[in-house]
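Descriptive analysis of the structure
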Amino acid sequence: MKFFLDTANVEEIKRIYTLGLVDGVTTNPTIIAKEGRPFEEVIKEICSIVDGPVSAEVIGLKAKDMINEARSIAKWADNVVVKLPMTEEGLKAVHILAKENIKTNVTLIFSVAQGLMAAKAGATYISPFLGRLDDIGVDGVDLIKRLKTVLENYGLQSEIIAASVRHIGHLESAAEAGSHIATVPGSLFPKLWGHPLTDKGIESFLKDWDSYSQTLENAGEQYATVR
């Protein structure tokens, strides 16, 4: 499974990237707005840090506007991916952009039908939202399983990005379901590599080592006294 870091914070990206855990980055208008910097400047800097795909979202709602934005964004870096909404206009834009070899990520997918439409239109990535489905009592992980089956049934090349991942359970279940990618907020990563028993084990090992070192030190002092 690939991990895309869901943030536009450059320092956060640098920190987690050094661990070898970042295969790409996803952003959206809300995330970009938090940085208080020009959109293009932020995306270009992220693309210079990360080798993998970096999603940058369009703002337009009409296909013509989305396509114009996408063509401009695609020139910012070789690894940039244009993020578009799951709408009729969005699908129209995806279809045209796919013919121009511009990579796309169709976001806000909440059903198998939507995912199938996006993949059929030529989306490089499709992003079903787990957390938001949970909010309305729908099993988001089941959606990923079903989407994976549909893509495999018909040889569709779109990759599934498990989005709106809020906790470890989401990530683990998405991995078990075969999601190609999970996009994870920076705040969740420490919870993925951490565990209370790991901390307790390290503390115990260090305590035992201190005791062992003290025993050796005392033995050394006794030996020196005898001599």
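Residues numbered from 1 in each chain as written. Predicted model: local features only at pLDDT ≥ 70, side-chain atom pairs only at ≥ 80, totals over all residues. Heavy atoms only, no water.

This paragraph deals with the environment of Ile 102. Locating Ile 102 in the fold gives a position in the loop between helix H5 (88-99) and strand S5 (104-109). Along the chain, Ile 102 and Val 81 lie 21 residues apart, while their C-alpha atoms are 7.4 Å from each other. Those residues within four positions of Ile 102 in sequence are excluded, and the remaining contacts are Ala 70, Arg 71, Ala 74, Val 82 and Leu 97. (Helix = DSSP H or I, 4+ residues; strand = E, 2+ residues; numbered from the N terminus. Contact = heavy atoms within 4.5 Å.)

With that settled, consider a nonpolar patch on the surface. A cluster of nonpolar residues, Trp 209, Tyr 212 and Leu 216, forms a patch on the protein surface that exposes about 360 Å² of accessible area. Relative to the elements of secondary structure, Trp 209 occurs in helix H11 (residues 196-226). (Patch = residues over 30% accessible without salt bridge, like charges linked within 9 Å, V, L, I, M, F, W, Y side chains within 5 Å. Areas by Shrake-Rupley, 256 points an atom, 1.4 Å probe, with all protein chains shown as cover. Salt bridge = Lys/Arg side-chain N within 4 Å of Asp/Glu carboxyl O.)

The next point concerns the pairing of strand S4 (residues 80-85). In terms of residue burial, S4 counts as a mostly covered element, since 6 of its 6 residues are buried. In the sheet, strand S3 (residues 54-57) pairs with S4 via 4 bridges, with the strands oriented parallel. Residue pairing for S4: Ala 56 is matched across the bridge by Val 82. At this point the chain moves from S3, through helix H4 (residues 63-74), to the parallel S4, and the crossover so formed is right-handed. Here S4 runs beside S5; their pairing, made up of 4 bridges, is parallel. Counterpart to Val 82 in the pairing with S5 is Thr 104. With H5 bridging S4 and its parallel neighbour S5, the resulting β-α-β unit is right-handed. (Buried < 20%, exposed > 50% of the residue type's maximum accessible area, 1.4 Å probe, protein only. Pairing = 2+ DSSP bridges. Right-handed = clockwise from strand over helix to strand, strands pointing away.)

Here we take up the nonpolar core. Val 25, Ile 43, Ile 46, Val 50, Leu 84, Ala 118 and Ile 126 are the most contacted members of the largest nonpolar core, which has 60 residues in total. With 6 residues, the single largest contributor to this core is helix H8 (residues 140-154). Core analysis: the next-biggest nonpolar cluster, separate from the first, contains 5 residues, Phe 4, Val 81, Ile 161 and Ile 181 among them. (Core = buried A, V, L, I, M, F, W, Y, C linked by side-chain atoms within 4.5 Å.)

Let us look at the packing of aromatic side chains. Taken as a whole and judged by the stated rule, the model has 6 aromatic pairs. Judged by centre distance (5.3 Å) and plane angle (80 degrees), the rings of Phe 39 and Trp 76 are edge-to-face. Within this pair, whereas Phe 39 is found in helix H3 (residues 39-49), its partner Trp 76 is found in the loop between H4 and S4, the two being separated by 37 residues in sequence. Judged by its relative accessible area of 26%, Phe 39 falls in the partly exposed class. When the centroid spacing of 6.4 Å and the interplanar angle of 35 degrees are considered together, the rings of Phe 189 and Trp 193 count as tilted. Highlighted residues: Phe 189 and Trp 193, both in helix H10 (residues 189-193), separated by 4 residues, approximately one helical turn. (Phe/Tyr/Trp six-rings, centres within 6.5 Å; stacked < 30°, edge-to-face > 60°.)

Turning our attention to the side chain of Thr 183. Mapped onto the elements of the fold, Thr 183 is located in strand S8 (residues 181-184). Side-chain polar atoms of Thr 183 contact the backbone oxygen of Phe 4, separated by 3.4 Å. A distance of 2.5 Å separates polar atoms of two side chains, one belonging to Thr 183 and the other to Thr 26. Residue contacts for Thr 183: discarding those within four places in its chain leaves Phe 4, Leu 5, Asp 6, Thr 26, Ile 161, Ala 162, Ala 163 and Val 165. (Polar contact = N/O pair within 3.5 Å; in protein donor to acceptor, adjacent residues only side chain to side chain.)

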